[in-house]
Amino acid sequence: SEDYHIRKAAAIALGSRFTEGAKRALRTIIESDKNDEVAATAIVSMSSIDPSLGVEYFKTLLGRSSWYETVKIGALTAIEHLADGKFVPLLKEYASLRYNYGVRQQALKAWAACSSADPQLIDALISFAKTDILPVRTTAIELLGNLRVERSLPALQEVSDRNGDSDIRKAAIDAIEKIKR
């Protein structure tokens, strides 16, 4: 269809069909659709029906250039859904300052889904909670609360006491309450 909304809806629907035909159709969409949103949606749908997707496949997808990094964010969302520790080395790279904040936020979420007890993840979250830009800080703080990371309490307390942004302070207070429950 010429209408990307219809193509995107088709990609979503294919994500509930556990057939080889659906996998082939999604791969075709991922490889050839000119709309990045449609391709990203197909990537997420593919992760729902094909848990065998490997690191090399995602390296290829993450290497694609797209408007506002939509394809990278879609690939990282798919990795989050797969929640497999084999992706952690790849996710560490995309959580770095080399990438825009949307990519970094999704990389952190995916990393937490793949290896929530990873000490490097916890260190990164604590660091980002204190020093990164607001959207990444918020994500890091929320993840620390959701993962109930007790060793992050001093950093979260500092953020809640001293940060100039009221939303960040509120997120830190909420995270502290979750951890202490």
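Our subject is the structure listed above.
The rules behind these values
Residues numbered from 1 in each chain as written. Predicted model: local features only at pLDDT ≥ 70, side-chain atom pairs only at ≥ 80, totals over all residues. Heavy atoms only, no water. Helix = DSSP H or I, 4+ residues; strand = E, 2+ residues; numbered from the N terminus. Phe/Tyr/Trp six-rings, centres within 6.5 Å; stacked < 30°, edge-to-face > 60°. Lys NZ or Arg CZ within 6 Å of the ring centre and 35° of its normal.

### Description of unusual backbone geometry
Apart from glycine, the bulk of residues carry a negative phi angle, and the bulk of peptide bonds sit in the trans form. One non-glycine residue, Glu69, lies in positive phi territory at about 60 degrees. With respect to the helices and strands, Glu69 occurs in the loop between α4 (55-62) and α5 (70-82). For Ala83, which is not glycine, the phi dihedral falls at a positive 50 degrees. Within the secondary structure layout, Ala83 lies in the loop between α5 and α6 (88-94).

### Some points on the packing of aromatic side chains
Applying the stated rule across the entire model yields four aromatic pairs. Residues Tyr57 and Phe58 carry aromatic rings whose centres are separated by 5.8 Å and whose planes lie at 80 degrees to one another, so their mutual orientation is edge-to-face. Ring centres of Tyr94 and Tyr99 lie 4.5 Å apart, and the angle between their planes is 35 degrees; this geometry places the pair in the tilted category. Within the aromatic cluster, the residues linked to one another by ring pairs are Tyr57, Phe58 and Phe87. The ring of Tyr57 carries Arg27 above its face, with NZ or CZ at 4.9 Å from the centroid. Sitting above the plane of the Phe128 ring, Arg104 keeps its charged end 5.7 Å from the centroid.

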